[in-house]
Amino acid sequence: MLTTALSTLRTRRVTFAGSFVALSLGVALIAVMGLALASSLDAPERGPERFAAARVVVKGRDTLEVSTPIGVRGQELAQPRAVPAGVVAKLRDLGTVVEDRSFAVRAEGGPADLVGHPWSTAAFAPYALDAGRAPRAADEVVVSGDWARPGTRVRTDGGTVRVVGTVAGLGFENAVFHTDARAAELAPRSLQLVVDADAAAVREAVRGGEGVQVLTGNARRYADADPDRDAEALTAMNAMFGTAGGVTGFVSVFVVASTFAFAVAQRRREFGLLRTAGATPGQIRRMVLHEALAVGVLASAAGCVLGSHAAPELVEWAVDENLAPRWFTLGDHTWPYHLAFWTGLLVALCGVLAASWRAGRTGPAEALREASVDARPMTRGRLLCGTALLVAAAATLVLALATDPGGLLQRKTYVSRPMLLITAVALLAPLLVRPLVRLIAWLPARLPGAGGMLVRENAAAGVRRTAAVAAPVLVTVALAGSLLGATATLDGARATEVRERTAADFVVAPAGGAGFDGATLRRLRAVPGAEVSASSSSAVYVLEEGVALVRSDARAAEPGPLAATTRLPLAAGRADDLDDDSIIVNEEWEKRTVGERVDVWLGDGTRKSLRIAAVMTVGTGDNGVYVTPRNAPAAPVDRVDVRLAHGADASAVADGLRRAVRASGGEVLTGEAWVRAMRPETDRTTRTGLFLVLGIALLYTGISLANTMVMATSDRVRELAALRLAGATGGQVLRLVGAEALMVVAVGGLLGALVAGLDLAGMWSALGLLSVWTPIEVPWATLGAVLGTCAVLAVISAVVPAGLALRRGAVELAGTRE
C-alpha cells in the first residue's frame, strides 16, 4: 500500500498539491505566531532612569496591602501618600533632601508627552546642559531634545515660558525643567524625594513611617514614572499574539482538515476501482493514511521553514507600528517549530481519518457510477458532532446569560465564542447547502436560458464539493462579522451609557490632566447662571469573599450638584442620599443592599465603613462607585459639569467659563461635544490585533479558497467535456463555471453571516440584561470587502483551470482519467 500511495501522489498532482499548500501555510502561521508569542514572554531587566545617579530615593506609600486567610493581597493606590512631614524633617538632618515633582505639560509645538520637573532633580538622571543655562525665574525653563532652542518663547498650559537651556534627551521621557519654586506651584504635592545620605541611616530615620519605602540600587527604578511599562507592553503583546495565534491556529486547522477530507472524497471512483481489483477496506484506509503521512511530513517541514522567514517580518512590523517596544526581537526558541510541525501532521492525519473509513466502505460498483450526485453527503458521525457542538454553543450562551452576562463582553469571550459556532455550522453545512442554493438561485433559475438552472442543480448536486469550497468563506465572513461587530457594538453601548448619563449643558476639562486648582474652581463657581458640579477621579477597594482585594474606579462629587448634572443608572436608592458616610455602588458588589454597611479602603489606603446609599446597574463594566470629596483625599478635580440656571443665557455662561479657566488652562465643551469626545473606542493594540487576525485569516482562507477551487475544477474535466459535447460553447462553459463559483461564495457568505448574527445576538442580549439597550453594529463595509475578495479569487481560480482544460478537444476531455 505504501508503494501504491506514492504512485497515487504522482498521478493526482493537483489534488495533493492543493493539500500540500493548505497544510504548509497553516503550519507556517502556527510557527510564526508561536515564535512571536514565545519572544514576548520575558522582558529585559531595566535599571533606574530618572534617578540613576541618586544615592537614595525615599517614596511615600503607594500600595495597599491587606492580609487575608490565603495571604497578603495588594493593589496600587489611586492617590499615593506623600512622605510624612516628620520623616522629611529627620531626613534633612542626615543630608541634602531634594523633593521630586512630576506633572504633565502641554506646549505648542512640543511633544505630546512632555513632563515637568524641578531643575534640582535633573542631576539625578543625570541630565547635563548642552546649550544655554539653568532656569532662574518662574517663566524660564530648560527642555530636553531639539524641539526648542534657547531664546524660544513657548505657550504652555501653565503660561508662556522662555527656553533658556537645553539638555540631551535620554530616551525615556521628554522633560521640561522649571525652577524648584515654580514646580512647587504647579505640582504642590511631592510623593518622593532624594536624600544624599547613607542608606542604612535613611532606613533608620524612616522606621515607623507607615508604608515609606527606601529605594537603593536597581530598586530606584520603582521611583520612575512607569517602572512596569516593559511588563505591561509584554502583557499587551501576549494578548495580541495569543489572540492572533489562537484564531489563526483554529482557521488553519479548520481549513486543512476540510481540504484533506475533500481531497479524499473526490476519489470515490478511484477507490471503487481498487476495490474491484481486490483491495480490502483496510488496505484502502492504510493507503489514504500513508498518503496523508507523506504529504503531512513534507508540508509541515516546508511550513516550518516558511515560518522561520516570516516571523522576523512580523516582529519588525510590530515594532514599526509601536505595538511592541523598540527592544523587542525574535528569540531563539525551538518549541514553536515542534508545536507547528506536529500539529500540522496530526491535523493532516485527523483530516483524512474519518474520510478514510468512508473510503474503505466504498464498494466496487462505485467505479461504474458516472453521476456525481452526493447521495449521502452527511454521515451520521458528522451529523452527531455538528448537532452536539451546536447544542453546546447554545447551552453555554444560555448559561452565561443566566449567570454572568457581563462575561460575554470580555475580549477573550467574544473572540473565542465564534469558533464553536463556526465548527458546528461547518459540520452541518451539507444539510444547509441545498436550501441555500435553491434560495439564492430562485430568481436566476427562472430567467430565460438554462444557465441559472444548471448553476443551481450543479451546486445542489455536488453538496460535498460546495460545502468544502464554501468553508474558507464561512470562516472569514464569520470572523470579520463577529470580531469587528462585537467591538463596534460594545463601543456603541459604552457611548450610549456616556450619552445617557450626561445631563450637563457644559463640561470643563483641565489642560494637561493635572486638575483644577482652588482659585480656578472659585472662579468657575462664580460664573453667573452656572450650576457647577466639580468631580475627581479616585478609587475604592473592597475585600470580596474575604480573599480577593478588588479595585473599583470611583468618582467623587458633592451629592446635590451630582444629581443635577448626572443621570446615574440607579437600580435602587437615590443619588441625593449620598453623604460623607455613604457610597453609591453597582450590582457587581458582594454587598449591594441600600442601607447595608460595607468596609472599604479609600484611594489613599484609609479604611472606612460606609453605608450604601444607592445601587447602580452593572452596565458594560464602567459603572464604578460614587463617593463625596471627603472620601477621595488628595484627588484633584479633573472634570467640572455645568448646568444652566433657569433663564440663563448659554453663550454668556460659556464665555464666563472660558474666562474662568483662561489663566490655568482648560477646555469648555458643550454636553454634546463632550459626549462625542468621550466616545469610548477599542484601544489601538486590541484593534490592531483584531485586524492582524482578520488580515491573516483573509490571506490564508483566500489562498485556501483558490486552492480548493482549483482542486474542485480540475476534478470536473469530464463534466465540462459533456457540456461541450451537448453543444455548449467554450464561453458558455466558462460563464457557467464562474457563476457556480459565485454561488459557492454566496453560500459561504450566508453561512458566515448566520454565525456572526447568532454571536452578535448573544452580545446584544447580554447588554440588554445589563440594562444597556443599543443597536447591533454590523461592519457592512468590511463584510462587503471580504465577500468581494473571495468572489474574485473564486471566479479566477475556477475559470482559469477550466479555460486551460477547454483548450483540448471535447472528445479528448471526455476520455480524461480522473
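Basis of the calculations
Residues numbered from 1 in each chain as written. Predicted model: local features only at pLDDT ≥ 70, side-chain atom pairs only at ≥ 80, totals over all residues. Heavy atoms only, no water. Helix = DSSP H or I, 4+ residues; strand = E, 2+ residues; numbered from the N terminus. Buried < 20%, exposed > 50% of the residue type's maximum accessible area, 1.4 Å probe, protein only. Contact = heavy atoms within 4.5 Å. pLDDT = per-residue confidence, 0-100. Patch = residues over 30% accessible without salt bridge, like charges linked within 9 Å, V, L, I, M, F, W, Y side chains within 5 Å. Areas by Shrake-Rupley, 256 points an atom, 1.4 Å probe, with all protein chains shown as cover. Salt bridge = Lys/Arg side-chain N within 4 Å of Asp/Glu carboxyl O. Pairing = 2+ DSSP bridges. Arc of directions from axis to C-beta. Polar contact = N/O pair within 3.5 Å; in protein donor to acceptor, adjacent residues only side chain to side chain. Phe/Tyr/Trp six-rings, centres within 6.5 Å; stacked < 30°, edge-to-face > 60°. Axes fitted to C-alpha atoms, helices over the stretch in contact; angles between N-to-C directions. Left-handed = near helix turned anticlockwise from the far one by under 90°. Nonpolar A, V, L, I, M, F, W, Y, C, P; charged D, E, K, R; others polar.

Peer 1: Even after reading the chapter, I still don't get the environment of arginine 81, so can you show me in this structure?
Peer 2: Along the chain, the position of arginine 81 falls in the loop between strand E3 (71-76) and helix H3 (85-94). On the basis of relative accessibility, which here comes to 26%, the residue arginine 81 falls in the partly exposed class. Taking the C-alpha atoms as reference points, arginine 81 and glutamate 210, 129 residues apart in sequence, are found 9.8 Å from one another. Filtering out sequence-adjacent residues up to four positions away, arginine 81 remains in contact with Gly60, Arg61, Arg189, Leu191, Glu210, Asp604, Gly605 and Thr606.

Peer 1: I would appreciate a short explanation of the confidence of the model for the chain in the present structure.
Peer 2: Should the pLDDT be low somewhere, the predicted coordinates at that spot are not to be read in detail. In this model, the chain carries a mean pLDDT of 82, and residues with pLDDT of at least 70 account for 84%. When mean pLDDT is taken per element in the chain, strand E8 (residues 140-144) scores highest with 95 and helix H23 (residues 810-814) scores lowest with 48.

Peer 1: Quick question: what am I supposed to make of a nonpolar patch on the surface here?
Peer 2: Judged by side-chain polarity, Phe20, Val21, Leu298, Leu699 and Ile703 come together as a nonpolar surface patch covering roughly 420 Å² of accessible area. Looking at the nonpolar patch, the elements with two or more residues in it are helix H2 (13-39) and helix H19 (684-714). Summarising the element assignment, phenylalanine 20 is placed in helix H2.

Peer 1: Could you clarify how one ought to interpret the pairing of E8 in this entry?
Peer 2: Each regular strand carries side chains that alternate between the two faces of the sheet. Most of E8 is tucked away: five of the five residues are buried. By the alternation rule, side chains of E8 split into Glu140, Val142 and Ser144 and Val141 and Val143, which are all buried. One ladder, built from five bridges, connects E8 with strand E10 (residues 159-167); its direction is parallel. Bridge pairing in E10 links valine 141 to valine 163. Where E8 lies against strand E11 (residues 174-178), two bridges are found, and the strand directions are antiparallel. Each residue of the ladder has a partner; that of valine 143, found in E11, is valine 176.

Peer 1: Is there a simple way to explain the side chain of serine 24 in this structure?
Peer 2: Within the fold, serine 24 resides in helix H2. Using a relative accessible area of 10% as the deciding quantity, one classes serine 24 as buried. Dropping the residues within four chain positions of it, serine 24 is found in contact with Ala299, Ala302 and Gly303.

Peer 1: What should I look at first to understand helix H5 (residues 199-206) in this one?
Peer 2: Within an α-helix, residues lying three or four positions from one another point in the same direction, as the helix has 3.6 residues per turn. Listed in full, the buried residues belonging to H5 are Ala199, Val202, Ala205 and Val206. Down the axis of H5, the buried side of the element spans an arc of 120 degrees, and every buried residue falls inside it. The secondary structure elements touched by the buried residues of H5 are strand E1 (56-59), H3, strand E12 (192-195) and strand E13 (213-215). At the N-terminal boundary of H5, the capping side chain belongs to aspartate 198, with an oxygen 3.1 Å from the backbone nitrogen of alanine 200. Count one or two residues on from H5 and you reach glycine 208, which has phi positive near 100 degrees.

Peer 1: Would you mind going over the packing of aromatic side chains with me for this structure?
Peer 2: Two aromatic rings, taken as a pair, are described by how far apart their centres are and by the angle between their planes. Within this structure, the stated rule accounts for five aromatic pairs. Seen in terms of ring centroids, tyrosine 127 and phenylalanine 172 are 6.4 Å apart; in terms of plane orientation they differ by 45 degrees. Their pairing is tilted. Placement of the pair is tyrosine 127 in the loop between strand E6 (114-118) and strand E7 (129-132) and phenylalanine 172 in the loop between E10 and E11, with a sequence separation of 45 residues. When its relative accessible area of 8% is taken as the criterion, tyrosine 127 is described as buried.

Peer 1: Looking at this model, I keep getting lost on the sheet that holds strand E4 (residues 97-100). Mind explaining?
Peer 2: For sheets, the rule is that strands pair by backbone hydrogen bonds, running either parallel or antiparallel. Across the sheet, four strands lie side by side as E4-E12-E1-E13; this open sheet has antiparallel pairing. Each edge of the open sheet carries a strand with a single partner, namely E4 and E13. Adjacent strand axes in the sheet meet at a mean angle of 25 degrees when their direction is disregarded. The pairing of E1 with E12 spans four bridges and is antiparallel. When the sheet's bridge partners are listed, valine 58 is paired in E12 with leucine 193. Contacts from H5 reach E1, E12 and E13 within the one sheet, and its direction differs from that of E1 by about 15 degrees.

Peer 1: Hey, could you run me through the pattern of salt bridges in this one?
Peer 2: When charged atoms on two side chains of opposite charge get close, those side chains can pair. Under the counting rule described, the total for this entry stands at 20 salt bridges. The salt bridge involving arginine 92 is made with glutamate 99; its shortest N-O contact spans 3.8 Å. We note a salt bridge from arginine 630 to aspartate 580, for which the minimum N-O separation is 3.0 Å. Highlighted residues: arginine 630 in the loop between strand E21 (625-627) and strand E22 (637-644) and aspartate 580 in the loop between strand E17 (570-573) and strand E18 (582-586), separated in sequence by 50 residues. One salt-bridge network, held together by shared partners, links Arg92, Glu99 and Arg101.

Peer 1: What is the right way to read the packing of helix H21 (residues 730-769) against helix H22 (residues 780-805) from this model?
Peer 2: For any two helices packed against each other, one specifies the inter-axial angle together with the distance between the axes. Packing of H21 against H22 leaves a shortest axis separation of 8 Å and a crossing angle of 145 degrees. Classified by chirality, the crossing of H22 by H21 is right-handed. Seen from H21, the contacting residues are Leu734, Val737, Gly738, Ala741, Leu742, Val745 and Gly749; seen from H22, they are Leu787, Cys790, Ala791, Ala794, Val795, Ala798, Val799, Ala802 and Gly803. Here the contact of H21 with H22 is built from residues that sort into 13 nonpolar, three polar and no charged.

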